There are 4 protein chains.
Amino acid sequence: MQMKKDNAETSGLRSWQHKLHALIYESETLAGKAFDIALLACILISIVVVMLDSVKPLHAKYGNVFLVLEWTFTILFTIEYTLRLICIRHPHKYVFSAFGIIDLLAIIPSYLSVIFVGAQSLLVLRALRLLRIFRIFRLVHFLSEMRFLSVAILNSLRKISIFILFVLSCVVILGSVIYLVEDDSSGFTSIPQSVYWAIVTITTVGYGDVAPVTTAGKLIASFIMLLGYGIIAVPTGIVTTEMALAVRHRRQGNNACPSCGREGHDHDADFCKYCGGKL
Amino acid sequence: MQMKKDNAETSGLRSWQHKLHALIYESETLAGKAFDIALLACILISIVVVMLDSVKPLHAKYGNVFLVLEWTFTILFTIEYTLRLICIRHPHKYVFSAFGIIDLLAIIPSYLSVIFVGAQSLLVLRALRLLRIFRIFRLVHFLSEMRFLSVAILNSLRKISIFILFVLSCVVILGSVIYLVEDDSSGFTSIPQSVYWAIVTITTVGYGDVAPVTTAGKLIASFIMLLGYGIIAVPTGIVTTEMALAVRHRRQGNNACPSCGREGHDHDADFCKYCGGKL
Amino acid sequence: MQMKKDNAETSGLRSWQHKLHALIYESETLAGKAFDIALLACILISIVVVMLDSVKPLHAKYGNVFLVLEWTFTILFTIEYTLRLICIRHPHKYVFSAFGIIDLLAIIPSYLSVIFVGAQSLLVLRALRLLRIFRIFRLVHFLSEMRFLSVAILNSLRKISIFILFVLSCVVILGSVIYLVEDDSSGFTSIPQSVYWAIVTITTVGYGDVAPVTTAGKLIASFIMLLGYGIIAVPTGIVTTEMALAVRHRRQGNNACPSCGREGHDHDADFCKYCGGKL
Amino acid sequence: MQMKKDNAETSGLRSWQHKLHALIYESETLAGKAFDIALLACILISIVVVMLDSVKPLHAKYGNVFLVLEWTFTILFTIEYTLRLICIRHPHKYVFSAFGIIDLLAIIPSYLSVIFVGAQSLLVLRALRLLRIFRIFRLVHFLSEMRFLSVAILNSLRKISIFILFVLSCVVILGSVIYLVEDDSSGFTSIPQSVYWAIVTITTVGYGDVAPVTTAGKLIASFIMLLGYGIIAVPTGIVTTEMALAVRHRRQGNNACPSCGREGHDHDADFCKYCGGKL
């Protein structure tokens, strides 16, 4: 199956394009694996460079080194982007895919920074290059674990959004209650501010920059904490149930027995466990 | 089934009432969907207005705009409430339903604010309007996910209350122990205050406004933290188990016995477990 | 079965003792239920009194009221304890049971406070009365949910202790690492202090009274946080698995089919789901 | 099986070596159990001594006592290490096993501290002795719970690493976003510092030493908190699913097929799923 798909993707390409395609897009060959690891190293180092460049003392000292490194990586990523384009049959498919967009976002900020030289916008562009980190996931994309996880999480997404909606509703109500109860001087100066505090509390983060001081406020805070401590069970239950279903699904194909027609066999079963007939 | 119920609810109504009923209460038609989305937008904007109005600088600047918007929404919601009443056969059923009460609570505060003009009571009334947020759930009420979640959560509610009762008992005992151990000067001034601290700690919120300073106090605090970190497994386990049961129930539910009509058979059952008839 | 047990417990008792036993120990009759609710109210009010008495301003103002209330409850609980003793056949069994000890601990502190009049010991004795809160659980003891929960939790206790042992080992090692890395001035003054900080961090409590300031310290702290955030899955997984087993166990008795000998029938099954034979 | 393995390990040893082997490596005999408990006590006391020695006032007062105790334990552990070596047939196997390395690391720091007398390196060596705590796990190594737990956790490790990778990516992006949004004066002085804050927030630790002050910053912080609160479900789901699989595996494992000898059949299987033979 995989091979057929590759053929479809690469048919009509010349020989060197075939080889390049195998090098860049596939990781079965030794060269393909080496390419992946080199790319991973480049991405990680370029991210560290962008992060360290934001530390003022380091920028003052090594600013030039960082600039050279940054341009080196930008050029390397530009070459890689071009190669990806020329060794595939339908380049537009790649360009508009999620990874294609991230790959582009990883290189354009550096070029744009030449045009727009304002300090703040430059800062934004620099930070944008950190999106490169998501390129890592291309390299783990083929892992079956990754696919398994994302299926289970996508299945639970609708249920979890309803849960988050419920949490947000609670937080709006409880935040406005504590706003009424607590004094302005203790930090609950407005409903949005109190709602922010309620989110900090219900998620059990608890910065402590704002904390209730009145008895009524502490009672409400205790209620919010216990609520947050209890309802974390809900997303956990949702995801666990979905994963258990995904596991069961993977273990049991739709392989009904041809003799007795019953399903629910393990994926490694050769004979029906109910009637002993050949599957 | 749904259709029959609708007929029962709307029988004896005139044609325009039928149409209105479909528009307001149902969301299968295009007009019904548009109505739902418009209503959702109104609810969300009116909540944002109430929240922003509590920010003093914004109130000083845009107080009048907020007042106009608030009255606009109040009148819109009043019209909607009236329409809901006149296109249903048994209005009293709607009025005393959970959503009916929330719908009423969403409009009366504004009218009451004209009568009671005291600053503090006005504040409470304003906040009361935030209850509108729960109206959102009417719009997602028909989602099967919502029903699924609430069934599982309701089933676990009794077990979770026993768990919360246990946590509260621990917190009372451990709070009074730390009150005996710690000095007043470090913030543990009374047993209720220490119990509040124990709740902050066992739920892993940890504001840090009160924290133990003596060695014995830190030992007890460590114990409370590890306890809280460990027992969060209990509500999670309860909800997950209930959800797994709900999933199994949903998967199994459709194979009623042809002899006795009872449901709930395992997917690998050949004979009815209640009457022994062939399935 | 329950009736037989009662007969065994109450055989050889006179008629009024039988009635008293039913009133105090059972909650099936209306009088028994009323007794339970009255007792629950007494326990809760007496706990609130002890807690409020520790608040200095309230003690100064209502100290005498609290004293009178406390002695009222002490006398009531003493009468109840005596009644429990005289209407049971083997009083020593009750005296040395967990609830018997708690019942005794709920009354002796008040009497001891007359003898030992030192301020600090008095304080300890007062707090000891809060143990009454565990008396509440006697009243929910008969709930099947309670039994279900405690079975699952007891089964997971050994696994969870190994987990806690592992967490404590990590915390000792990581705490001493951060002690080496961080400066004394930022609060990491000794290994025990640093281990305490590591517990605060790994359990995601995060008071913030001590926090790393060096880059190396922050890296280690980040590692501890992510570790704590990830391994909370372990106790949760343990308890959930045990609960799922407990649920399955409850649903499936050891009821093998007399015809085909197969097990795994639901607890409400009358006929074998495999061969259709009567169970 | 166990006996055979022991024979293989101890064959070619003299009689006193056999007895020593049983004493040190096995815990079935009374003497073996006593040895284990004595060792456990030594390990725990030596760890407490190292920890207390780091507390400055205690070091000043009891420094000499700690030194004597430390050398006593070092000599005891050295004797134990030697005994372990001489009563086993392949000493190199033990030396290079995980526990062998920890056992060696538990004694060499004390000897090295005689050679290197610099204050800081001495500190590191002292802390290194705390690794002894992991020796405890040798004593619980034989518990089936321990093995069960580690199997489930090892199976979930790959999935959890992908999850941690995802969390780290989010934290890099969200940390740099808040760095752009928040002012330097509120503590977000560089991207690494902001990423550290994002880790503190997403893991719901929340020290509060750095907290957002602008409205945009608080909105982003709220998002990170809710994200962290929601995605904790993922590792929990992974571990729970793996544990459930491990439990099922353990429950099923004992029904080998009489025809082909393969295991892993469902409890309701009548025929071998591999060869079709009757079970």
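Every chain is numbered on its own, with residues counted from 1 as its sequence reads. Chain A is the first chain written and ligand 1 is the first ligand written, with later ones labelled in order. Owing to the predicted nature of the model, reporting of local features is limited to residues with pLDDT of at least 70; listing and counting of side-chain atom pairs is limited to 80 or more, with chain, interface and lining totals taken over all residues. Each side-chain value is derived from all of the structure's non-hydrogen atoms; neither hydrogens nor water enter the calculation.

Asks: Before we move on, could you go through the overall build of chain A and cite the residues and values that matter?
Replies: To qualify as a helix, a DSSP run of H or I must reach at least 4 residues; to qualify as a strand, a run of E must reach at least 2; elements of each kind are numbered from the N terminus. Each helix and strand in chain A was counted, giving 13 helices and 0 strands. Tracing chain A from N to C terminus, the helices and strands come up as α-α-α-α-α-α-α-α-α-α-α-α-α. The contact definition used throughout considers only heavy atoms, calling two residues in contact when any of these lie within 4.5 Å. In chain A, the proportion of contacts linking residues at least 24 apart, taken out of those at least 6 apart, comes to 54%. Surface summary for chain A: the accessible area is close to 13200 Å², and the carbon and sulfur share equals 70%. All accessible-area figures derive from a Shrake-Rupley calculation using a 1.4 Å probe, and residue coverage is judged against the displayed protein chains alone.

Asks: Describe the relation of the copies chain C and chain A, naming the residues involved and giving the relevant values.
Replies: What sets the superposition is a least-squares fit of C-alpha atoms, and only residues with pLDDT of at least 70 in both copies go into it. Its rotation angle being 180°, the transformation that places chain C on chain A also includes 0.0 Å of axial translation and leaves an RMSD of 0.1 Å. The operation mapping one copy onto its partner corresponds to a two-fold rotation axis. Mapped onto chain A, 100% of the interface residues of chain C are again interface residues, and the two copies thus contact each other with one and the same surface.

Asks: Residues and numbers for the pattern of salt bridges, please.
Replies: Take a side-chain nitrogen of Lys or Arg and a carboxyl oxygen of Asp or Glu: if they are within 4 Å of each other, that pair is a salt bridge. Scanning the model with the defined rule gives 16 salt bridges over all chains in all. Ionic pairing is found between C:Glu80 and C:Arg84, a salt bridge with its closest N-O pair at 2.7 Å. Placement of the pair is C:Glu80 and C:Arg84 together in helix H4 (residues 56-86), with a separation of 4 residues, close to one helical turn. An identical accessibility class is assigned to C:Glu80 and C:Arg84; each is buried. Residues joined by salt bridges that share partners form a network here, namely A:Glu80, A:Arg84 and A:Asp103. Throughout this description, buried means an accessible area under 20% of the type-specific maximum (1.4 Å probe, protein chains only), exposed means over 50%, and partly exposed covers the range between.

Asks: Can you tell me about the interface of chain C and chain A, naming the residues and giving the values?
Replies: Facing the 4 residues of chain C at the interface are 4 residues of chain A. Once two parts are put together, the accessible area they lose, assessed with a 1.4 Å probe and summed over both, is termed the buried area. The junction of chain C with chain A conceals about 230 Å² of combined surface from both sides, 39% of it contributed by carbon and sulfur atoms. Linking chain C with chain A are 0 salt bridges. The classification used treats Ala, Val, Leu, Ile, Met, Phe, Trp, Tyr, Cys and Pro as nonpolar, Asp, Glu, Lys and Arg as charged, and all other residues, Gly among them, as polar. Within the side of chain C that touches chain A, the residues separate by chemical class into 1 nonpolar, 3 polar and no charged.

Asks: Describe the packing of helix H4 (residues 56-86) of chain D against helix H7 (residues 108-115) of chain D, naming the residues involved and giving the relevant values.
Replies: For any two helices packed against each other, the geometry is given by the interaxial angle and the distance between the axes. Residues and elements named next belong to chain D. Only the stretch in contact is used when a helix axis is fitted, and all axes are lines through C-alpha atoms; the angle between N-to-C directions ranges over 0 to 180 degrees. Running from N to C, H4 and H7 cross one another at 125°; their axes reach a closest spacing of 9 Å. Regarding the angle of H4 to H7, the classification is oblique. Side by side, H4 and H7 meet where Glu 70, Trp 71, Thr 74 and Thr 78 of the first sit next to Ser 110, Tyr 111 and Val 114 of the second. Of the residues assigned to the contact of H4 with H7, the class counts are 3 nonpolar, 3 polar and 1 charged. Angle categories are assigned with fixed cut-offs, so that under 35 degrees is roughly parallel, over 145 is roughly antiparallel, 65 to 115 is roughly perpendicular, and the rest are oblique.

Asks: Please provide a residue-by-residue account of the environment of A:Pro192, values included.
Replies: Take A:Pro192: it is sitting in helix H11 (residues 191-202). C-alpha separation for the pair A:Pro192 and A:Gly175, spaced 17 residues apart in sequence, amounts to 7.9 Å. Residues contacting A:Pro192, with those up to four places away along its chain left out, are B:Met51, B:Ser54 and B:Val55.

Asks: Lay out the side chain of A:Ser190 in plain terms, naming residues and giving numbers.
Replies: Along the chain, the position of A:Ser190 falls in the loop between helix H10 (144-181) and H11. The exposure class assigned to A:Ser190 is buried, which follows from its relative accessible area of 7%. Residue contacts for A:Ser190: discarding those within four places in its chain leaves A:Tyr179, B:Ser54 and B:Val55.

Asks: So what's going on with the packing of aromatic side chains? Residues and values would help.
Replies: Only centres within 6.5 Å qualify two rings of Phe, Tyr or Trp (six-membered ring in Trp) as a pair; their planes then separate them into stacked at under 30 degrees, edge-to-face at over 60, and tilted for everything else. In the structure shown here, the tally under the stated rule is 24 aromatic pairs over all chains. Aromatic pair B:Tyr229 and C:Phe163: ring centres 6.5 Å apart, planes at 15°, arrangement stacked. Of this pair, B:Tyr229 sits in helix H12 (residues 215-231) while C:Phe163 is found in helix H10 (residues 144-181), placing the two residues in two different chains. Here B:Tyr229 matches C:Phe163 in class, with each residue buried.

Asks: Report on helix H4 (residues 56-86) of chain B, specifying residues and quantitative values.
Replies: Maximal helix bending in H4(B) amounts to about 80°, located at B:Tyr62. When H4(B) is considered as a whole, its buried residues turn out to be B:Gly63, B:Phe66, B:Glu70, B:Phe73, B:Thr74, B:Phe77, B:Glu80, B:Tyr81 and B:Arg84. Note that the bend at a residue is defined as the angle between axes fitted to the seven residues ending at it and the seven residues starting at it.

Asks: Residue-level account of a nonpolar patch on the surface, with values.
Replies: All names here are of chain A. Residues Ile 75, Leu 76, Ile 79 and Tyr 111 make up a contiguous nonpolar surface patch of about 350 Å² in total accessible area. Per-element tally for the nonpolar patch: the top contributor is helix H4 (residues 56-86), with 3 residues. Counting through the fold element by element, Ile 75 comes out in helix H4. Assessed through its relative accessible area of 44%, Ile 75 is described here as partly exposed. Each patch groups residues whose relative accessible area exceeds 30% and which form no salt bridge, using 9 Å between like charges and 5 Å between nonpolar side chains of Val, Leu, Ile, Met, Phe, Trp and Tyr.

Asks: Hey, could you go over unusual backbone geometry for me, with residue numbers and the actual values?
Replies: Even without a glycine there, the phi angle at A:Thr204 is positive, about 60°. Tracing the sequence through the fold places A:Thr204 in the loop between H11 and helix H12 (215-231).

Asks: Tell me about the confidence of the model for chain A, residues and numbers included.
Replies: All names here are of chain A. Confidence of the predictor at the level of single residues is given by pLDDT, which spans 0 to 100. Mean pLDDT over chain A works out to 80, with 78% of the residues at or above the 70 mark. Low confidence marks residues 1-6, where pLDDT is under 50. Its contacts with residues over four positions away, or in another chain, come to 1 contact. In the model output, the complex is listed with pTM 0.85 alongside ipTM 0.82.

Asks: Tell me about the state of the cysteines, residues and numbers included.
Replies: Residue and element names in this part refer to chain B. Criterion for a disulfide: a pair of cysteine sulfur atoms within 2.5 Å. On inspection of all chains with the given rule, the structure shows 0 disulfides over all chains. Unpaired in terms of disulfides, Cys 87 finds its nearest cysteine sulfur in Cys 42, a separation of 18 Å. Assessed through its relative accessible area of 0%, Cys 87 is described here as buried.

Asks: Describe the environment of B:Val167, naming the residues involved and giving the relevant values.
Replies: Within the secondary structure, B:Val167 is located in helix H10 (residues 144-181). Overall, B:Val167 belongs to the buried group, its relative accessible area being 0%. Distance in space between the C-alpha atoms of B:Val167 and B:Leu58 is 42 Å, their sequence separation being 109 residues. Other than its neighbours up to four places away in sequence, B:Val167 contacts A:Leu226, B:Ile202 and B:Ile231.

Asks: Talk me through the side chain of D:Thr203; I want residue IDs and the actual numbers.
Replies: Locating D:Thr203 in the fold gives a position in the loop between helix H11 (191-202) and helix H12 (215-231). Distance and chemistry together define a polar contact, namely a pair of N or O atoms within 3.5 Å, with one atom able to donate a hydrogen and the other to accept it when in protein, and with adjacent residues in sequence counting only for side-chain atoms on both sides. A distance of 2.7 Å separates a polar side-chain atom of D:Thr203 from the backbone oxygen of D:Ile199. Those residues in contact with D:Thr203, other than ones at most four positions away along the chain, are C:Thr204, C:Met225, C:Leu226 and C:Tyr229.

Asks: Just give me the short version of the environment of C:Phe148, but keep the residues and values in it.
Replies: All names here are of chain C. One can find Phe 148 in helix H10. Overall, Phe 148 belongs to the buried group, its relative accessible area being 7%. When the C-alpha positions of Phe 148 and Leu 174 are compared, they lie 37 Å apart, and in sequence the two are 26 residues distant.

Asks: Tell me about helix H3 (residues 30-53) of chain D, and please be specific about residues and values.
Replies: A helix is expected to reach a length of 1.5 Å times the quantity of its residues less one. Its 24 residues place the ends of H3(D) 35 Å apart at the C-alpha level, agreeing with the 34 Å of an ideal helix rising 1.5 Å per residue. For H3(D), the full list of buried residues reads D:Gly32, D:Phe35, D:Asp36, D:Leu39, D:Cys42, D:Ile43, D:Ser46, D:Ile47, D:Val49, D:Val50, D:Met51 and D:Asp53.

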